[in-house]
Amino acid sequence: MYIVLCEDLATFGPELDRGRQLLVDMANAIVEARGPDAPSRMTDALTLLIRSADRQIQGEEALMEAAAFGRSAPHRRRHRQFVERLAEVQRSLSAQQDIVAAQLALHHVFLHWVRDHVQRDDARLARWLDKRRDRLARKEEEAQDSILWARQRRPELRSSVPGAACVGWAQRGTAAK
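The notes below deal with the structure included here. (Residues numbered from 1 in each chain as written. Predicted model: local features only at pLDDT ≥ 70, side-chain atom pairs only at ≥ 80, totals over all residues. Heavy atoms only, no water.)

## Observations concerning the overall build of the chain
Right, on to step 1. Scanning the chain from N- to C-terminus turns up four helices and zero strands.
Right, on to step 2. In the chain, the succession of α and β elements from N to C terminus is α-α-α-α.
Right, on to step 3. The buried share of the chain, taken over its 177 residues, is 36%.
Right, on to step 4. Here the contacts in the chain between residues at least 6 apart in sequence split such that 65% fall between residues at least 24 apart.
Right, on to step 5. Accessible surface, the chain as shown: approximately 11400 Å² in total, 54% of it carbon and sulfur. (Helix = DSSP H or I, 4+ residues; strand = E, 2+ residues; numbered from the N terminus. Buried < 20%, exposed > 50% of the residue type's maximum accessible area, 1.4 Å probe, protein only. Contact = heavy atoms within 4.5 Å. Areas by Shrake-Rupley, 256 points an atom, 1.4 Å probe, with all protein chains shown as cover.)

Here it is in structure tokens:
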């Protein structure tokens, strides 16, 4: 029972994508744990996994905040549900010491996270971010075109220093202040 993230699920850039892959790798290691000390190792590993998931989520939510993503509330709610499900697996393991049940539960949580959250919610966010980046790039290009057009039409807007910005407006025959 091994979970693999396909490359086509890479959506947010190297840092967040590596963090997501690390979470999957950690879950896979927990699912594969064996031996008499497996319950305590799994409990410790689940603690680390939950902390890592929180850090990953903070990065993704900061990205949503910076981009003013309109569907961030339900996205954040699903993040909280994911972390809570991980904590439930950890509590269940601590209470029952049933490693097989905990491993199956963790595997189930991650399968649903990848299928329902990563493939649907994160992909939707990534498409939205791509459109937003394209829109911002077009606006910046249009702004640069407007500046060039204005400088061509209005000599007083041209700077005598290449690359320098014009600070003020000038009327014909007067210097910019």
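## So, empty space enclosed by the protein
With a probe scaled to a water molecule rolled over the atoms, the places where space remains empty come into view.
Right, on to step 1. The final tally for this structure, using the stated rule, is two cavities of 30 Å³ or more.
Right, on to step 2. One number sums up the size of the largest cavity: a volume of about 40 Å³.
Right, on to step 3. Forming the walls of the largest cavity are L23, Q56, I57, E60, H79, F82 and W113.
Right, on to step 4. Among the elements that line the lining of the largest cavity, the one with the most residues is helix α2 (residues 38–67), at three residues.
Right, on to step 5. Split into classes, the residues belonging to the lining of the largest cavity amount to four nonpolar, two polar and one charged.
Right, on to step 6. When its volume is computed, the second largest cavity comes out at roughly 30 Å³.
Right, on to step 7. Lining the second largest cavity we find F69, R71, H75, R78, D121 and R124.
Right, on to step 8. Those elements that place two or more of their residues in the lining of the second largest cavity are α3 (72–96) and α4 (99–153).
Right, on to step 9. Classifying every residue of the lining of the second largest cavity by side-chain character gives one nonpolar, one polar and four charged. (1 Å grid on protein atoms, 1.4 Å probe; cavity = no way out; pocket = protein on both sides within 12 Å on 5 of 7 lines; lining within 4 Å. Points joined across faces, edges and corners; volume = space filled by probe spheres on them. Nonpolar A, V, L, I, M, F, W, Y, C, P; charged D, E, K, R; others polar.)

## Structural notes on the pattern of salt bridges
Right, on to step 1. Throughout the structure, instances matching the rule amount to ten salt bridges.
Right, on to step 2. With its nearest N and O atoms 2.5 Å apart, the salt bridge here joins R78 to D121. With R78 in helix α3 and D121 in helix α4, the pair connects residues that are 43 residues apart, well separated along the chain.
Right, on to step 3. Judged by its relative accessible area of 22%, R78 falls in the partly exposed class.
Right, on to step 4. One network of salt bridges, with partners in common, ties together E61, E65, R76 and R80. (Salt bridge = Lys/Arg side-chain N within 4 Å of Asp/Glu carboxyl O.)

## Thoughts on unusual backbone geometry
With glycine set apart, most residues show a phi of negative sign, and most peptide bonds adopt trans.
Right, on to step 1. Of note in the backbone geometry, A68 takes a positive phi value of approximately 55° without being a glycine.
Right, on to step 2. Structurally, A68 can be placed in the loop between α2 and α3.

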